[in-house]
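Chain by chain, the residues run as shown.
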Amino acid sequence: MKPQVGIKIPNDSSIAKAASIIRKIEKNLSISDISGRIKNSDYLLSYDLSSEKGVNTIIHCYNEFKKIGVTPSLYEHDRPASIDFLKNLSKTYKEISDEIDAEMEAEDEE
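Let me sum up the structure you'll find in this document. Numbering of residues starts from 1 in each chain and follows the order in which that chain's sequence is written. Local features are withheld for residues below a pLDDT of 70 in this predicted model, meaning they are given only at 70 or higher, and side-chain atom pairs are given and counted only at 80 or more; totals for whole chains, interfaces and linings count all residues. The basis for the side-chain values is all heavy atoms of the structure; hydrogens and waters are excluded.

### Side note on the pattern of salt bridges
When a carboxyl oxygen of Asp or Glu is within 4 Å of a side-chain nitrogen of Lys or Arg, the pair counts as a salt bridge. Applying the stated criterion across every chain, the model contains three salt bridges. Between Asp98 and Lys94 there is a salt bridge, with its nearest N and O atoms 2.9 Å apart. With Asp98 and Lys94 both in helix α4 (residues 83–109), this residue pair falls four residues apart, about one helical turn. The class for Asp98 is partly exposed, based on a relative accessible area of 37%. To sort residues, take the accessible area from a 1.4 Å probe on protein chains only and compare it with the maximum for the residue type: under 20% means buried, over 50% means exposed, and anything in between is partly exposed. Take Lys94: its relative accessible area is 44%, and that puts it in the partly exposed class. The numbering of helices and of strands both runs from the N terminus, where a helix is a DSSP run of H or I of at least 4 residues and a strand a run of E of at least 2.

Here is the structure:
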């Protein structure tokens, strides 16, 4: 099993509000899929931990839930994680990406 990052919300959360946020990100998820995930305390979204885009999507989703008054739970490899951890991870991925881009540009100039 690949390490993953995921987000859950309390099972008493508004399905309509959650669906509006999730469907902006994952357009092919039905409202019944989202409802089932909420009721079963499953991940609403999960991505490979090594995916910079996936980590950033989870951070975005977390922020959107906070805006509507829902306190989501974050997970890293099925263990509770903090938003700070994910932000630091995203920052690290960005720094690595920038370093690789700079090295590739330097090689192209040679």
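### What to know about the packing of aromatic side chains
Two aromatic rings, drawn from Phe, Tyr or Trp (for Trp, its six-membered ring), form a pair once their centres lie within 6.5 Å of each other, and the interplanar angle then sorts them: stacked below 30 degrees, edge-to-face above 60, tilted otherwise. Applying the stated criterion to the full structure yields one aromatic pair. To sit over a ring, a charge needs its Lys NZ or Arg CZ within 6 Å of the ring centre and within 35 degrees of the ring normal. Between Lys8 and the ring centre of Tyr43, over which it is positioned, the NZ or CZ distance is 5.0 Å.

### Structural notes on a negative patch on the surface
Where like charges cluster on the molecular surface, the negative patch consists of Glu95, Glu99, Asp101, Glu103, Glu105, Glu107, Asp108, Glu109 and Glu110. When you line up the elements, Glu107 lands in helix α4. For patches, a residue must show more than 30% relative accessible area and have no salt bridge; joins then use 9 Å for like charges and 5 Å for nonpolar side chains, namely Val, Leu, Ile, Met, Phe, Trp and Tyr. Areas reported as accessible are Shrake-Rupley estimates using a 1.4 Å probe. Residue values count occlusion only from the protein chains shown. Lys and Arg are tallied as positive, Asp and Glu as negative. Neither His nor the chain termini are counted. Charge placement uses NZ in Lys and CZ in Arg. For Asp and Glu, CG and CD serve respectively.

### Focus: the side chain of Gln4
Among the secondary structure elements, Gln4 is positioned in strand β1 (residues 4–8). Any pair of residues with heavy atoms lying within 4.5 Å of one another is described as a contacting pair. Beyond its immediate chain neighbours, meaning those up to four positions away, Gln4 contacts Tyr43, Ser46, Tyr47, Asp48, Leu49, Tyr75, Glu76, His77 and Asp78.

### With respect to the packing of helix α1 (residues 15–25) against helix α3 (residues 52–67)
Interaxial angles span 0 to 180 degrees and are taken between N-to-C directions of axes, which are lines fitted to C-alpha atoms, for helices over the stretch in contact. For the pair α1 and α3, interaxial distance at closest approach is 10 Å and the crossing angle is 155°. In terms of axis orientation, α1 runs roughly antiparallel to α3. The element α1 and its partner α3 pack so that their crossing is right-handed. Contact residues: Ala18, Ile21, Ile22 and Ile25 in α1; Thr57, His60, Cys61, Glu64 and Phe65 in α3. Any angle that falls under 35 degrees is termed roughly parallel, while one over 145 is termed roughly antiparallel, one within 65 to 115 roughly perpendicular, and all others oblique. Should the near helix be turned anticlockwise from the far one by less than a right angle, the crossing is left-handed, and should it be turned clockwise, the crossing is right-handed.

### Here we look at the nonpolar core
Here, nonpolar core means buried Ala, Val, Leu, Ile, Met, Phe, Trp, Tyr and Cys residues that are tied together by side-chain atoms lying within 4.5 Å of each other. Counting 26 residues, the largest nonpolar core has Ile7, Ile22, Leu44, Ile58 and Phe65 as its most contacted members. Counting residues per element, this core draws most heavily on α3, which supplies six residues. Once residues within four sequence positions are removed from consideration, Leu44 is found in contact with Ile7, Ile9, Ile22, Leu29, Ile34, Arg37, Ile38 and Phe65.

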